[in-house]
Amino acid sequence: MNTLFIAGHAKLPSGMAAKSIFETLTITAEIDKTYGVIVDASCTLATEHGRDYITRILKGHSLRNGIDKPLEEIKHFYLGKANNALIAALKDLYKQYEALQL
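In this report, the structure presented in the accompanying data block is examined.

About the criteria used
Residues numbered from 1 in each chain as written. Predicted model: local features only at pLDDT ≥ 70, side-chain atom pairs only at ≥ 80, totals over all residues. Heavy atoms only, no water. Helix = DSSP H or I, 4+ residues; strand = E, 2+ residues; numbered from the N terminus. Buried < 20%, exposed > 50% of the residue type's maximum accessible area, 1.4 Å probe, protein only. Polar contact = N/O pair within 3.5 Å; in protein donor to acceptor, adjacent residues only side chain to side chain. Contact = heavy atoms within 4.5 Å. Pairing = 2+ DSSP bridges. Axes fitted to C-alpha atoms, helices over the stretch in contact; angles between N-to-C directions. Salt bridge = Lys/Arg side-chain N within 4 Å of Asp/Glu carboxyl O.

## Comments concerning the side chain of T26
And step 1. When you line up the elements, T26 lands in strand β2 (residues 24-32).
And step 2. Given the relative accessible area of 14%, T26 is considered buried.
And step 3. A polar side-chain atom of T26 sits 2.9 Å from a polar atom in the side chain of H9.
And step 4. Those residues in contact with T26, other than ones at most four positions away along the chain, are A7, G8, H9, S42, C43 and T44.

What follows is the structure, encoded as structure tokens:
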């Protein structure tokens, strides 16, 4: 396989629909090993629309370029309660990617 699978985790804030199902928010990404490009991504937000929105932000981004661009997009355009958890989960995912030293 030319891809790898990484998950990043963060605590969810109280008062969220997803909190009744999950204690943490998870972002998963399938990443091309050669170029660091996110081939597909998902997260454990409660709504399909929210999950799709985050996928569209992440898909096609190369982690070799860092995560500043998707972090800024989440900060400025995702205005739900899970904003900080999404940011923390993405940072956790990126930390694991960097540890691989591909």
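## Digging into the sheet that holds strand β1 (residues 3-11)
And step 1. Ordered by their spatial adjacency, three strands build an open sheet running β1-β2-β3, and the pairing between neighbours is antiparallel. Edge positions in the sheet fall to β1 and β3 (38-43), since each has one partner strand and no second. On average, each strand axis in the sheet is inclined to that of its neighbour by 15°, with strand direction left out of account.
And step 2. Against the sheet, helix α1 (residues 48-58) touches β2 and β3, its axis set at about 155° to β3.
And step 3. Helix α3 (residues 83-100) contacts β1, β2 and β3 of the sheet and is inclined by roughly 140° relative to β1.

## Description of the pattern of salt bridges
And step 1. In this structure the tally under the stated criterion is two salt bridges.
And step 2. One salt bridge in this structure joins E73 and K69, with 3.1 Å as the shortest N-O distance. Within this pair, E73 and its partner K69 are both found in helix α2 (residues 68-77), separated by four residues, close to a single helical turn.
And step 3. For K69, a relative accessible area of 54% translates into the label exposed.
And step 4. E72 is paired through a salt bridge with K75; the nearest N and O atoms lie 3.8 Å apart. Taken together, the residues E72 and K75, both in helix α2 and three residues apart, mark about one turn of the helix.
And step 5. According to the relative accessible area criterion, K75 is partly exposed, its value standing at 40%.

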